[in-house]
Amino acid sequence: MELPDFMSYANKFSQSDFVEKISRIAKRAGSKLVYASLILYYTLQSDKVSKTNKAMIIGALGYMISPLDVLPDAIPIVGLSDDLAVLIYVLKKVWTEVDPEIQEKAKKRLSKWFDEDEIEEIHDLLDAE
């Protein structure tokens, strides 16, 4: 899958829109997409992250929030696959700046929407694409 120009979606990102969308789509999106989103969201808040990586994160999260992307989110099953591909792409790019505490915070937050079996699916997140 060729990645879309997710950086053009940077102006779509806001904290309130992010929280609202994740809460609304969590179960349908699956634990991998939610976990990747949360890691990027929490990494964005870190003062240890470069401005370049923050810009990429904002673009990726803006793309995820936007209802207008390559595969509209309303399309069952495949509608969120482009979002996941963008999130994983950016997560791999910024992974060296992701603190273990951020990973743990994101994993802990998953328990709000997912049970233990569903949370187990995140362990191969960076192998997905």
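The structure presented is a predicted model; accordingly, all values stated were derived computationally and were not measured.

Details of the nonpolar core
Then, number 1: Residues Phe-18, Val-34 and Leu-61 are the most contacted members of the largest nonpolar core, which totals 41 residues.
Then, number 2: Secondary-structure elements contributing two or more residues to this core are α1 (15-29), α2 (31-44), α3 (51-65), α4 (81-94) and α5 (100-110).
Then, number 3: If one sorts the elements of this core by residue count, α2 sits on top with ten residues.
Then, number 4: With residues near it in sequence (within four places) discarded, Phe-18 still touches Phe-13, Ser-37, Leu-38, Tyr-41, Leu-61, Met-64 and Ile-65.

Comments concerning the environment of Leu-87
Then, number 1: Inspection of the secondary structure assignment puts Leu-87 in helix α4.
Then, number 2: Sequence-wise, Leu-87 and Leu-33 are 54 residues apart; in three dimensions their C-alpha atoms are separated by 7.5 Å.

Let's talk about α2
Then, number 1: Compared with an ideal rise of 1.5 Å per residue, which puts 14 residues at 20 Å, α2 spans 20 Å between its outermost C-alpha atoms and is within 8% of the ideal.
Then, number 2: Most of α2 is tucked away: 13 of the 14 residues are buried.

Quick notes on the side chain of Ser-46
Then, number 1: Mapped onto the elements of the fold, Ser-46 is located in the loop between α2 and α3.
Then, number 2: In this structure Ser-46 comes out as buried when scored by relative accessible area, which is 11%.
Then, number 3: Excluding residues that lie within four positions of it along the chain, Ser-46 makes contacts with Lys-54 and Ile-102.

As for the confidence of the model for the protein chain
Then, number 1: The predicted model of the protein chain has a mean per-residue pLDDT of 85, with 86% of residues at 70 or higher.
Then, number 2: Here α1 stands out as the least confident element of the protein chain, with mean pLDDT 83; α2 is the most confident, with 95.

Conventions and cut-offs
Residues numbered from 1 in each chain as written. Predicted model: local features only at pLDDT ≥ 70, side-chain atom pairs only at ≥ 80, totals over all residues. Heavy atoms only, no water. Core = buried A, V, L, I, M, F, W, Y, C linked by side-chain atoms within 4.5 Å. Buried < 20%, exposed > 50% of the residue type's maximum accessible area, 1.4 Å probe, protein only. Helix = DSSP H or I, 4+ residues; strand = E, 2+ residues; numbered from the N terminus. Contact = heavy atoms within 4.5 Å. Expected span 1.5 Å × (residues − 1). pLDDT = per-residue confidence, 0-100.

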